[in-house]
Amino acid sequence: MTLKGTLKMPIPKLLQLAKNNAGQSKPIRAETEGKEATIYLHGVIGGWWGDIDETMFAQAMAGINADVIHLRIDSPGGDVFAARSMMTAIAQHKATVIAHVDGLAASAATGICMACDEVEISQGAGFMIHNAWTVAIGNKADMAKTGELLAKIDTGLAGDYTRRTGKDETQIVQWMDKETWFTADEAKEHGFVDRVVEVVGKRKASNTWDLSAYENAPAALANRAPVPDDGAAVAHKANLSRRLALLERSAA
């Protein structure tokens, strides 16, 4: 017996986030110049959800022989386990890894920042932490086990934030429970990032993501900047949308 056809189920938030941003992500791109390399992480995290595929990222990291790696981050979040895999690849690389939050580091993207040796954020960019989401199917025992798993994930994330910031874990948990959005200056004040980069006189940081899946996204980030579609982007969006539709039907 299932509830399908009996009860209209809401779209799970993780699926909604991915669906709303289908086609906005950009494939991982790596560049090397001299002893420094740059990897662009602009998109939803996780191979199923977007274009930031954890396996491709690990392969890109392994192929870089540089003293410094810059991670340019603009992400509304995604798969926490994919992010954890990427964090491992960062931690195990010999290079100094510097995260640059260009526009947004939300949810799983903040975990990637925690694994880096240094984190800087552009003035006007955003930083958000919250409790983990998931998509689950099954009976009450399955749901209970899923709840236990989510609690363990949240504990792991809280530990990452606590070690980075030096804050009391109780404070971190409260911020996660409330889905807390930090400005660049607030992220610096509370120890999530090391420095804020001024962008006065240059193109200001702006949000390109649909954040309606989140409860407390600030108005300054809710109004996203338009992103022009080209032929490749349209085709990619259609392919990703079909893939996500399979998950949506399973979760309905």
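Residues numbered from 1 in each chain as written. Predicted model: local features only at pLDDT ≥ 70, side-chain atom pairs only at ≥ 80, totals over all residues. Heavy atoms only, no water.

## Remarks on the confidence of the model for the protein
When pLDDT drops low, the exact placement of atoms in the prediction is not to be read closely.
Here is step 1 of the chain: Per-residue confidence for the protein gives a mean pLDDT of 82, with 73% of residues at or over 70.
Here is step 2 of the chain: Least confident of the elements in the protein is helix 9 (residues 231–251), whose mean pLDDT is 53; most confident is helix 7 (residues 184–189), at 98. (pLDDT = per-residue confidence, 0-100. Helix = DSSP H or I, 4+ residues; strand = E, 2+ residues; numbered from the N terminus.)

## Focus on the side chain of H100
Here is step 1 of the chain: Structurally, H100 can be placed in strand 4 (residues 96–106).
Here is step 2 of the chain: On the basis of relative accessible area, H100 is assigned to the buried category, the value being 7%.
Here is step 3 of the chain: Once you skip the residues sitting within four places of it in the chain, H100 turns out to touch H70, L71, R72, I73 and E120. (Buried < 20%, exposed > 50% of the residue type's maximum accessible area, 1.4 Å probe, protein only. Contact = heavy atoms within 4.5 Å.)

## Details of the packing of helix 2 (residues 54–62) against helix 3 (residues 80–91)
Here is step 1 of the chain: At a closest axis distance of 9 Å, the pairing of helix 2 and helix 3 adopts a crossing angle of 5°. Looking at the two axes, helix 2 sits roughly parallel to helix 3. Two secondary-structure elements touch here, helix 2 through E54, F57, A58 and M61 and helix 3 through A82, S85, M86, A89 and I90.
Here is step 2 of the chain: Tallied by class, residues from the contact of helix 2 with helix 3 come to seven nonpolar, one polar and one charged. (Axes fitted to C-alpha atoms, helices over the stretch in contact; angles between N-to-C directions. Parallel < 35°, antiparallel > 145°, perpendicular 65-115°, else oblique. Nonpolar A, V, L, I, M, F, W, Y, C, P; charged D, E, K, R; others polar.)

## Brief notes about the packing of aromatic side chains
Here is step 1 of the chain: On inspection of all chains with the given rule, the structure shows five aromatic pairs.
Here is step 2 of the chain: Arranged with centres 5.3 Å apart and planes meeting at 40°, the rings of F127 and F192 form a pair that is tilted. You can see F127 sitting in strand 6 (residues 126–129) and its partner F192 sitting in the loop between helix 7 and strand 8 (195–197), a full 65 residues away along the chain.
Here is step 3 of the chain: A residue is classified by how much of its surface remains accessible, and F127, at 0% relative accessible area, is buried.
Here is step 4 of the chain: When the centroid spacing of 5.8 Å and the interplanar angle of 75° are considered together, the rings of Y161 and F192 count as edge-to-face. Of the two residues, Y161 is situated in helix 5 (residues 140–165) and F192 in the loop between helix 7 and strand 8; the sequence distance between them amounts to 31 residues. By the burial criterion, Y161 is buried, and F192 matches it. (Phe/Tyr/Trp six-rings, centres within 6.5 Å; stacked < 30°, edge-to-face > 60°.)

## Describing the packing of helix 5 against helix 6 (residues 169–177)
Here is step 1 of the chain: Close contact between helix 5 and helix 6 brings their axes to 9 Å; oriented N to C, the two are set at 125°. As summarised for this structure, helix 5 and helix 6 are arranged oblique, according to the angle between their axes. Here the hand of the crossing between helix 5 and helix 6 comes out right-handed. In this structure, helix 5 contributes D154, L157, A158, Y161, T162 and T165 to the contact, and helix 6 contributes E169, I172, V173 and M176.
Here is step 2 of the chain: Along the lines of polarity and charge, the residues of the contact of helix 5 with helix 6 split into six nonpolar, two polar and two charged. (Left-handed = near helix turned anticlockwise from the far one by under 90°.)

## Observations regarding helix 6
Here is step 1 of the chain: Those residues of helix 6 lying buried are I172, W175 and M176. Viewed along the axis of helix 6, the buried residues span an arc of 100°, placing them on a single side of the element.
Here is step 2 of the chain: Looking at the buried positions of helix 6, the neighbouring elements they touch are strand 6, helix 5 and strand 7 (180–183).
Here is step 3 of the chain: At the N-terminal boundary of helix 6, the capping side chain belongs to D168, with an oxygen 2.8 Å from the backbone nitrogen of T170.
Here is step 4 of the chain: Two residues or fewer past helix 6, E179 is found with a positive phi of approximately 50°. (Arc of directions from axis to C-beta. Polar contact = N/O pair within 3.5 Å; in protein donor to acceptor, adjacent residues only side chain to side chain.)

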